[in-house]
Amino acid sequence: MSPRSRRNAVSFFNVMVVGFSGVGKTSFIKTLMAALKNETHKDKRESFGSQTPDSNALAGPLTKTQKPYTVSAGIDVDGEKVMLTVIDTPGFQSDYLIDKQLHDILGYIEHQFDLTLAEESKVKRNPKAVDTQVHACLYVIDPTKRALDQYDIRILTRLSERVNVIPVIGKADTLTLAQRRRFKPMILRDIYTNQKIPLYGMPEDEEEDDEEEEEKEDENDKEKKTNAKTTSTLDDFLNQFNYEEEDEETQAFLDYLKLIPFNVIAYEDEPETGEPIEMEGIKIGRDYGWGKIDCLNDDTSDFNSLKTMLLSTHRRILQSETVERYYEQYRTERLLIKRATKLKSMDVGKKLLDDLKRV
């Protein structure tokens, strides 16, 4: 690739937002796009940032999402051009529809894998092919719950088999600080301790390759691994690390694990335009009458931490995890199914020939 082509290269990053109806998914997306717009200089926004296929998708007053749609923004992250695409999805509703809705969401994710697989199968590939794989899935948790219910657990478990899932608490302004402090550990206990759901970044038990290697380990290594496997909470796991001695990537994951689930607050919009209400000194916030809050303030929301994690510190990791883990797993499954179908067809054909010979 020439130096000029490298400068013009665009990194595609796709984020899906899912959750039950009314938890603030669309409001969060509008807040994210408004924050990115405020950060981007007008001249850059009119050039690279103008490449938005659905620029009007979020225009106007907030409405209920009836079908999936995408909204994109061209942004500059640490000198790299990134085309961010966010996929909004209809909220989960009654229990008898959840499996159908989940099937549709997983179908969308798998369809993007199929597009990649089809492109890889071509003799001459398209050099301008766009990466549409879903690199991250934000699961927005209902703040009115006091723990994950059976539906949350079912959805998270299924999603984590196909995509990097990141838990987020929507409408966090409806919770007091004391409620937030109680709610987060309860969610993490359900995810990590009780259900062992492999969400993005969650530590997983490593199995030994064979018994011989285990016998060769010294007693100190054995004790460390035993302690790691018997940790009952995520805090116990995190306390095993000396933060200052870890490398940059490990520190990024430790920071991430200490923050999840992220508390987010969406801006209050003008009923007629859908734009953030005007407040003195606050570009994106909410006015409660008795007080105002800045949705981007780190003291009231984890919004900035989540945005930085997605677009900067973890973006490349999420992209590589999508390809190396989820896409390769799906690709292997498809090839095995194709092979099994072919073998089955051969067996059926052989049986038909044998039957014809007997006639």
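These lines cover the structure that appears in this document, whether it is placed above or below. (Residues numbered from 1 in each chain as written. Predicted model: local features only at pLDDT ≥ 70, side-chain atom pairs only at ≥ 80, totals over all residues. Heavy atoms only, no water.)

**Examining helix 10 (residues 248-259)**
The terminal C-alpha atoms of helix 10 lie 17 Å apart, and with twelve residues this matches the ideal 16 Å at 1.5 Å per residue to within 8%. At the N-terminal boundary of helix 10, the capping side chain belongs to Asp-247, with an oxygen 3.2 Å from the backbone nitrogen of Glu-249. (Helix = DSSP H or I, 4+ residues; strand = E, 2+ residues; numbered from the N terminus. Expected span 1.5 Å × (residues − 1). Polar contact = N/O pair within 3.5 Å; in protein donor to acceptor, adjacent residues only side chain to side chain.)

**Quick word on the environment of Ile-87**
Tracing the chain through its elements places Ile-87 in strand 3 (residues 80-88). Each C-alpha atom, one on Ile-87 and one on Ser-72, is 8.8 Å from the other, the two residues being 15 residues apart in sequence. Not counting residues within four places of it along the chain, the set of residues in contact with Ile-87 comprises Asn-14, Val-15, Met-16, Val-17, Tyr-69, Thr-70, Tyr-108 and Val-134. (Contact = heavy atoms within 4.5 Å.)

**Digging into the environment of Tyr-243**
Following the sequence through the fold, Tyr-243 ends up in the loop between helix 9 (234-238) and helix 10. Here Asp-255 takes part through its side chain, which lies 2.9 Å from a polar atom of the side chain of Tyr-243.

**Here's the deal with the packing of aromatic side chains**
Two numbers describe a pair of aromatic rings. These are the distance of the centres and the angle of the planes. All told, the structure shown has nine aromatic pairs when counted by the stated rule. Ring geometry for Phe-113 against Tyr-327: centres 5.9 Å apart, planes inclined by 50°, an arrangement best described as tilted. Residue Phe-113 is located in helix 4 (residues 95-120), and its partner Tyr-327 is located in helix 12 (residues 315-358); the two are separated by 214 residues in the primary sequence. Taken as a pair, Phe-113 and Tyr-327 share a single burial class, namely buried. Members of the aromatic cluster, connected to one another through ring pairs, are Tyr-200, Phe-253, Tyr-256 and Phe-262. (Phe/Tyr/Trp six-rings, centres within 6.5 Å; stacked < 30°, edge-to-face > 60°. Buried < 20%, exposed > 50% of the residue type's maximum accessible area, 1.4 Å probe, protein only.)

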